[in-house]
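The residues making up each chain are set out below.
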Amino acid sequence: MADWLAALARRADLRAKAGLTRRLRPRTADDAVVDLAGNDYLGLSAHPEVVAAAAKALSEYGLGATGSRLVRGSTDAHHALEDALADWLGTDRSLVFSSGYLANLGAVRALVRPRTLLVSDAHNHASLIDGCRISGAETVVTPHADVDAVAAALAGAPGRPAVVVTESVFSVDGDLAPLAELHATARAHGALLLVDDAHALGVVGPAGAGAVAAAGLTGAPDVVVTATLSKALGGAGGVVAGPAEFVRHLVETARTFIYDTALPPAVAAGVHAAVGLARDGDALRAELAARATLAVARLRAAGLEVSVPDAAVVSVTAAGPEAATAWAAACRDRGVAVGCFRPPSTPDSRSRLRLTIGAGPSRADFERALEVIVECAP
């Protein structure tokens, strides 16, 4: 009976030798590190208006939603948030899920009909990859941001329903997908476009409405947008936004919506407050852009290989998994939290530190953090 545990232990040893061990590190409420690892881009998770809205809903509704959305889990807070998100994104309707991961699983599956072809970018997030796998549809993985490859895949399946699946701002290197070109290609072949706007919502676009809006695709009837509510909006949950008919289809068929306990009302109310702040957050977005530019300049001046950020994600190449792990640990020991991305979390087998630029830390703390990263480089 213990053989399976021994097998797991051997696999853990192999991961450790490859520098791929993962550990949970709890943080306290008064944690004082400079955070360049989390996704609270606009610093809204602890904003007084967000906290007050969540606290009010907590006192009114209690801790949990008490059921799935179709049972007892839909509250006024959920519907108000969905209306606000649809208005911000310029879509007919939106639907809130309990996580961005489940939103992507549900959206991909709901777009699949018999004989559907899914065309998925090689750098897509795991939730999109898993959505494609769970859907059971034939999936063609195309080279990263390669519009010609997408066109070739669609041309190779004439007469079949198809969906082009992509992130907007990619989560590892922070580069922006060629959304306008992808949409034109998809439309030319009668395909739909699904865009995960998680790392762009609140950060780019008019009033922070995301990369889909920045590409001029707001309200397009052949575009479906997904996002998490846990990044620039500082909360939790996910959203799928698009035509009213598609959102109705999700409500009636999406297993990750129907059979999942709803997002807590207090979180929905807090995120609703964050939406208003994000829409008015042009000054915060300008500060994010300035900090991203500064980070690239400082790190490149130190001889480091750094990505070009299209939003607020900066990737710094490491020599390998062990080097990345040691680098991140050294930064943490000096009070700076950075992301440490290693295979299999990276789509190209390269290890890197991922810096998520946020408006929360003071400018002085942010600049000090950059110096720590340079000084701790292997």
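An account of the accompanying structure is given in this report. No experiment lies behind these values; they were computed from the predicted model shown.

## Some points on the pattern of salt bridges
- What the rule picks out here adds up to 16 salt bridges.
- Close ionic contact of E82 with R69 constitutes a salt bridge, the shortest N to O distance being 2.9 Å. Residue E82 is found in helix α4 (residues 76-89), and its partner R69 is found in helix α3 (residues 69-73); the two are separated by 13 residues along the sequence.
- Among the residues examined, R69 registers a relative accessible area of 7% and is labelled buried.
- When the shortest N-O distance is used, the salt bridge between R350 and D173 registers 3.6 Å. Here R350, found in the loop between β10 (336-341) and β11 (352-356), pairs with D173, found in the loop between β5 (162-167) and α8 (179-188); they are 177 residues apart in sequence, far enough to count as distant.
- Bridged by salt links that share partners, the residues E287, R291, R298, R363, E367 and E371 form one connected network.

## Here's the deal with the state of the cysteines
- Tallied over the full model, the rule gives zero disulfides.
- Of all cysteine sulfurs in the structure, the one in C376 sits closest to C331, which takes part in no disulfide; the separation is 4.4 Å.

## A few points about the side chain of S135
- Structurally, S135 is set in helix α6 (residues 126-135).
- The exposure class assigned to S135 is buried, which follows from its relative accessible area of 9%.
- A polar side-chain atom of S135 sits 2.7 Å from the main-chain carbonyl oxygen of C132.
- Those residues in contact with S135 that lie beyond four places of it in its chain are V108, R109, V112 and L118.

## Let's talk about the side chain of R69
- Only 3.2 Å separates the side chain of R69 from the backbone oxygen of V96, close enough to count as a polar contact.
- Every residue in contact with R69, bar those within four places of it in the chain, is listed here: S74, H78, H79, E82, L95, V96, F257, D260 and A262.

## Notes on the packing of aromatic side chains
- Overall, the coordinates contain one aromatic pair when judged by the stated rule.
- Between the NZ or CZ atom of R291 and the centre of the ring of F366, over which it lies, the distance is 5.3 Å.

## As for the packing of α4 against helix α12 (residues 265-279)
- Orientation of α4 relative to α12, taken along the N-to-C sense of each, is 25°, at an axis distance of 8 Å. It follows from the interaxial angle that α4 and α12 lie roughly parallel. Judged by the twist between their axes, the crossing of α4 over α12 is left-handed. For the pair formed by α4 and α12, the contact residues are A77, H78, A80, L81, A84, L85, D87 and W88 on the first element and P265, A268, A269, V271, H272, V275, A278 and R279 on the second.
- By residue class, the composition of the contact of α4 with α12 is twelve nonpolar, two polar and two charged.

About the criteria used
Counting restarts for each chain, with residues numbered from 1 along the sequence as it is written. Residue-level local features of this predicted model are given only where pLDDT is at least 70; pairs of side-chain atoms are given and counted only at 80 or more, and the full residue set underlies all totals for whole chains, interfaces and linings. The basis for every side-chain value is the complete set of non-hydrogen atoms in the structure, without hydrogens or water. The term salt bridge refers to a pairing of a side-chain nitrogen on Lys or Arg with a carboxyl oxygen on Asp or Glu at a separation within 4 Å. Numbering goes from the N terminus for both helices and strands, where a helix is a DSSP run of H or I of at least four residues and a strand is a run of E of at least two. Buried residues are those whose accessible area, probed at 1.4 Å on protein chains only, stays under 20% of the maximum for their type, while exposed residues exceed 50% and partly exposed ones sit between those limits. In what follows, a disulfide is any cysteine sulfur pair within 2.5 Å. Two N or O atoms form a polar contact when they lie within 3.5 Å of each other; inside protein one atom must be a possible hydrogen donor and the other a possible acceptor, and for residues adjacent in sequence the pair counts only when both atoms belong to side chains. By definition in these notes, contact holds between two residues if any of their heavy atoms fall within 4.5 Å. Classification of ring pairs rests on two measures: the distance between centres of Phe, Tyr or Trp rings, Trp counted by its six-membered ring, which must be within 6.5 Å, and the angle between planes, read as stacked under 30 degrees, edge-to-face over 60 and tilted in between. Each ring is checked for a lysine NZ or an arginine CZ that lies within 6 Å of its centre and within 35 degrees of its normal; such an atom marks a charge sitting over the ring. Angles here are taken between N-to-C directions and fall from 0 to 180 degrees, while the axes themselves are lines fitted to C-alpha atoms, restricted in helices to the stretch in contact. The labels follow the angle: roughly parallel below 35 degrees, roughly antiparallel above 145, roughly perpendicular from 65 to 115, and oblique for the rest. In this scheme the handedness of a crossing depends on how the near helix is turned from the far one: anticlockwise by less than a right angle means left-handed, clockwise means right-handed. By the convention adopted, Pro, Cys, Tyr, Trp, Phe, Met, Ile, Leu, Val and Ala count as nonpolar, Lys, Arg, Asp and Glu as charged, and the other residues, Gly among them, as polar.

Take it as geometry only, folks, not as evidence of what the structure does.
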